[in-house]
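# Structural description and commentary
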Amino acid sequence: MEKMRIESRKNERVKIYKKLSQSASERARSGEFTAEGARLCADAARSGVRIKSVFYTVQALEKYRPYLEEIFGRAESACEISEPVAEALRDVRSSQEVFCILSREGLPSEGTLSAEGLYIAAERIQDPSNLGALFRTAEALGISGMILSDDCCDRFSPKALRASMGSVFRLPVQKVKDLPASLRKWGEQGFFTFAAVPDQNAESVLQCRFAPGSITVIGNEGSGLTEETIRACRTRVTIPMRGRAESLNASAAAMILMWEMMREPGMTYPSRHDL
């Protein structure tokens, strides 16, 4: 592992980190992205992510040594940095002063969907925190993988990574340019496709049976799913709502839908008379 000390904000490695942190197009072009925080960076190391560089202050080494030792074990270079450099790199107010440049090389991808899998597809999700929360919930509940439309926000953005709590490192992902066409193709292959809509005439998620080979599609935070995507799905499914709110936050709705997808067959809810 290469080791060095960086004192200047104008250092080339510092410039590369900042560009990756701030630019989705640069992340896509280079195949690299950034992570901030001792725990998140150590999670990347445990998950087998290739670590190109780690940056840390002397204070961070004293406070987070166990995490940093895990990171050092996989890092190609380690850069001790001054406080002014840490100030330039940080994206959060209370920074732990541990930063990494990571490679997308070797991250899990879903080349072909499994007929036994249960999947969540996201269309036009624009809030990185919402997208990260989708990943975190999907991994926690055992969803087989994520499908993202090409116009979703970048899952490797700093906010999405933090919200995912490292799930982006581990959950298989398939990105598709034409989600409706892909859904029609998967339907022809025998997959069950569900469009999540705020429509009382749709099938209640409480009554739905998500068999192996099911894909549930979540839409944009403000406008939901496109009509073309809804038409491409076999079934429309909705979350019954008794309050006055017309809809749920995308990540909250996805959490309920994923819970129902992973619910054990035969598991039922008590009726009002049983409570």
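Right, let's walk through the structure included here. What you see is a predicted model, and the numbers here were worked out from it, not measured in a lab. The written sequence of each chain sets the order in which its residues are numbered from 1. Local features in a predicted model are, by the rule used here, given only for residues with pLDDT of at least 70; side-chain atom pairs are given and counted only at 80 or more, and totals for whole chains, interfaces and linings are based on all residues. Calculation of side-chain values draws on the structure's entire complement of heavy atoms; hydrogens and water are dropped beforehand.

### A look at the sheet that holds strand 8 (residues 173-176)
On the basis of which strands lie adjacent, the open sheet formed by seven strands has the order 8-7-6-11-9-12-10 and parallel pairing. One side of each edge strand has no neighbouring strand; the edge strands of this open sheet are strand 8 and strand 10 (203-204). In this sheet, strand 11 (residues 214-218) lies alongside strand 9 (residues 192-196) in parallel orientation, the contact comprising four bridges. Looking at strand 11, one finds that phenylalanine 194 is bridged to threonine 216. Pairing between strands is defined by DSSP: at least two bridges between the two strands are required. Strands here mean DSSP runs of E at least two residues long; helices mean DSSP runs of H or I at least four residues long; both are numbered from the N terminus.

### So, the environment of glutamate 87
On the secondary structure map, glutamate 87 appears in helix 6 (residues 83-89). Each C-alpha atom of the pair glutamate 87 and glycine 190 lies 52 Å from the other, and the pair is 103 residues apart in sequence.

### Notes on the state of the cysteines
Any pair of cysteine sulfurs within 2.5 Å is marked as a disulfide. The final tally for this structure, using the stated rule, is zero disulfides. The cysteine cysteine 41 is free of any disulfide, with cysteine 100 supplying the nearest cysteine sulfur at 3.6 Å. For cysteine 41, a relative accessible area of 0% puts it in the buried group. Whether a residue is buried, partly exposed or exposed follows from its accessible area with a 1.4 Å probe, protein chains only, as a fraction of its type maximum: under 20%, in between, or over 50%, in that order. A relative accessible area of 0% means that cysteine 100 is categorised as buried.

### As for helix 1 (residues 12-22)
Those residues of helix 1 that fall on the buried side of the exposure criterion are Val14, Tyr17, Leu20 and Ser21. Buried residues along helix 1 cover an arc of 130° about the axis, so they all sit on one side. For helix 1, the exposed residues lying more than 90 degrees away from the buried face are Glu12 and Gln22. Polar contact criterion, stated in full: a pair of N or O atoms within 3.5 Å, where within protein one must be able to donate a hydrogen and the other to accept it, and residues adjacent in sequence count only if both atoms are side-chain atoms. Where helix 1 begins, one side-chain oxygen reaches toward the backbone nitrogen of arginine 13, 2.8 Å away; that side chain belongs to asparagine 11. Think of the arc as the fan of directions from the helix axis to the C-beta atoms.

### Details of the side chain of serine 164
Within the element layout of this structure, serine 164 appears in helix 8 (residues 158-164). A polar atom in the side chain of serine 164 sits 2.9 Å from the backbone oxygen of leucine 161. Residues count as neighbours in contact if any of their non-hydrogen atoms are within 4.5 Å of one another. Once you skip the residues sitting within four places of it in the chain, serine 164 turns out to touch Gly132, Phe135 and Arg136.

### Quick notes on the packing of helix 3 (residues 38-46) against helix 5 (residues 65-72)
Lines fitted to C-alpha atoms define the axes, with helix axes restricted to the stretch in contact, and inter-axis angles between N-to-C directions lie between 0 and 180 degrees. It is the contact of helix 3 with helix 5, at a shortest axis distance of 8 Å, that shows an interaxial angle of 35°. Once helix 3 is placed against helix 5, the crossing between them reads as left-handed. Touching Ala38, Arg39, Cys41, Ala42, Ala45 and Arg46 of helix 3 are Tyr67, Glu70 and Ile71, all from helix 5. Residues belonging to the contact of helix 3 with helix 5 are distributed by class as follows: six nonpolar, no polar and three charged. Left-handed is the label given to a crossing in which the near helix is rotated counterclockwise from the far helix by less than a right angle, and right-handed is the label when the rotation is clockwise. Charged means Asp, Glu, Lys or Arg here, nonpolar means Ala, Val, Leu, Ile, Met, Phe, Trp, Tyr, Cys or Pro, and polar covers whatever is left, Gly included.

### Re the packing of aromatic side chains
Stacked, tilted and edge-to-face are the three classes assigned to paired rings of Phe, Tyr and Trp, where Trp is represented by its six-membered ring and a pair needs centres within 6.5 Å; plane angles under 30 degrees give stacked, over 60 edge-to-face, the rest tilted. Taken as a whole and judged by the stated rule, the model has six aromatic pairs. Judged by centre distance (5.8 Å) and plane angle (80°), the rings of tyrosine 17 and phenylalanine 99 are edge-to-face. Placement of tyrosine 17 in helix 1 and of phenylalanine 99 in strand 5 (residues 98-103) is noted, with a sequence separation of 82 residues between them. Each of the two residues, tyrosine 17 as well as phenylalanine 99, counts as buried. Each residue in the set Tyr17, Phe55 and Phe99 is aromatic and connected to the rest through ring pairs, giving one cluster.

### Things to note about the sheet that holds strand 5
Pairing is mixed in the open sheet, where five strands are placed in the order 1-4-3-5-2. Lying at the two open borders of the sheet, with one neighbouring strand each, are strand 1 (2-6) and strand 2 (32-36). Sheet twist, expressed as the mean angle between neighbouring strand axes with direction ignored, is 20°. Two elements, strand 3 (residues 50-56) and strand 4 (residues 77-81), share three bridges in a ladder whose sense is parallel. Counted as the bridge partner of tyrosine 56 is glutamate 80 from strand 4.

As far as function goes, none of this settles anything; it's purely spatial.
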